[in-house]
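Geometric and topological summary
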Amino acid sequence: MKLPISKRLLCCASMVQPGSRVADIGTDHGYLGIYLLQTGAARHVIACDLRKDPLENARRNAKLFGADGAMEFRLSDGLGNILPDEVDTVVMAGMGGELIARLISRALWLRTPEKHLILQPMTSAEELRAYLCREGFGVFREETAREDNRLYTVMLVWYDPDTASRNAANPAFLYRGLVDGSTPDGRNYLLARASSLRKRVGGLRCMGQEREASDLETICCRLEQEADERSAGE
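How each quantity is defined
- Residues numbered from 1 in each chain as written.
- Predicted model: local features only at pLDDT ≥ 70, side-chain atom pairs only at ≥ 80, totals over all residues.
- Heavy atoms only, no water.
- 1 Å grid on protein atoms, 1.4 Å probe; cavity = no way out; pocket = protein on both sides within 12 Å on 5 of 7 lines; lining within 4 Å.
- Points joined across faces, edges and corners; volume = space filled by probe spheres on them.
- Helix = DSSP H or I, 4+ residues; strand = E, 2+ residues; numbered from the N terminus.
- Nonpolar A, V, L, I, M, F, W, Y, C, P; charged D, E, K, R; others polar.
- Phe/Tyr/Trp six-rings, centres within 6.5 Å; stacked < 30°, edge-to-face > 60°.
- Buried < 20%, exposed > 50% of the residue type's maximum accessible area, 1.4 Å probe, protein only.
- Core = buried A, V, L, I, M, F, W, Y, C linked by side-chain atoms within 4.5 Å.
- Contact = heavy atoms within 4.5 Å.
- Salt bridge = Lys/Arg side-chain N within 4 Å of Asp/Glu carboxyl O.

1. Brief notes about the layout of surface pockets
In this structure, the largest pocket encloses a volume near 430 Å³. Taken together, 21 residues form the lining of the largest pocket, with Ile25, Gly26, Thr27, Asp49 and Met95 sitting closest to its centre. Secondary structure elements with two or more residues in the lining of the largest pocket: helix H1 (7-13), strand E1 (20-25), strand E2 (42-49), strand E4 (89-95) and helix H4 (97-106). Residue contributions to the lining of the largest pocket peak at three residues, all from E4. Taken together, the residues of the lining of the largest pocket break down into nine nonpolar, six polar and six charged. In this structure, the second largest pocket encloses a volume near 330 Å³. Lining the second largest pocket we find 19 residues, and of these Met122, Ala125, Leu151, Tyr189 and Arg193 sit closest to its centre. Mapped onto the lining of the second largest pocket, the elements with two or more residues apiece are helix H5 (125-135), strand E7 (150-159), helix H7 (173-176) and helix H8 (184-206). By residue number, the principal contributor to the lining of the second largest pocket is H8, which donates five residues. Residues belonging to the lining of the second largest pocket are distributed by class as follows: nine nonpolar, four polar and six charged.

Here it is as structure tokens:
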């Protein structure tokens, strides 16, 4: 039987360093942890969920796919039931960006470069990037994943105030992160962000906020230009 893992979770898995001890927050069906153990990317996984039913579902799946020996299952509100010395990688996938930011803010022990975060927001990626910059977390890698005809972003993050400052110094960072448009999905992500921002530009102009609208329009043009240049280079 083949593990039915999504493209989003495969993208998350690609950012896990081999041999890591992983906490999968909001594990749901447990497929990410099972995949990491099957491929050797993780040597131990703590699957966490706020509710009992998803956790039991993950437990059954781990047994079905032979991964239960190196996988723990814990009821936990975010990282509330995880001790700092138990994991070196934390994955938060399939939840809103604002919720991810709140969960990070409650775990002060994540503020060290030894703890890696792999974040996949379903919504509010812009707000999540702003939080990371503000709180000293640097984004070191970012990729897109297409699922159900929607594009999502996956970020590799750890505490590094210098990198966070460099990220924040780029006016376009909040809107596009480190997505560079080197793939068709990457280009489409840039164009989608530019389209969304253009709507915001129109709203700002209607409210008479011309300076803010002009600054945002400059970013839109940069995103569109980069996408066009990547497309022309193929």
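Next, the rest of the story.
2. Let's talk about the packing of aromatic side chains
Counted under the stated rule, the structure contains two aromatic pairs. When the ring of Phe137 is compared with that of Tyr159, the centres are 5.3 Å apart and the planes differ by 75°; the resulting orientation is edge-to-face. Of this pair, Phe137 sits in strand E6 (residues 137-147) while Tyr159 sits in strand E7; the two residues are 22 residues apart in sequence, bridging distant segments of the chain. Using a relative accessible area of 1% as the deciding quantity, one classes Phe137 as buried.

3. Re the nonpolar core
Membership of the largest hydrophobic core comes to 44 residues, with the highest contact counts inside it found for Val90, Met92, Ile104 and Leu132. With residues near it in sequence (within four places) discarded, Val90 still touches Ala23, Ile25, Leu79, Trp109, Leu110, His116, Leu117 and Ile118.

4. Description of the pattern of salt bridges
Going through the model one piece at a time under the given rule, you end up with 17 salt bridges. Its salt-bridge partner being Arg176, residue Glu226 comes within 3.0 Å of it at the nearest N-O pair. Placement of the pair is Glu226 in helix H9 (residues 210-232) and Arg176 in helix H7, with a sequence separation of 50 residues. The same class applies to Glu226 as to Arg176, namely buried.

5. Thoughts on H5
At 3.6 residues per turn, the α-helix brings residues three or four places apart onto the same side. Residues of H5 that are buried: Ala125, Glu126, Leu128, Arg129, Tyr131, Leu132 and Cys133. Looking one or two places after H5, you find Gly136, whose phi comes out positive at around 90°.

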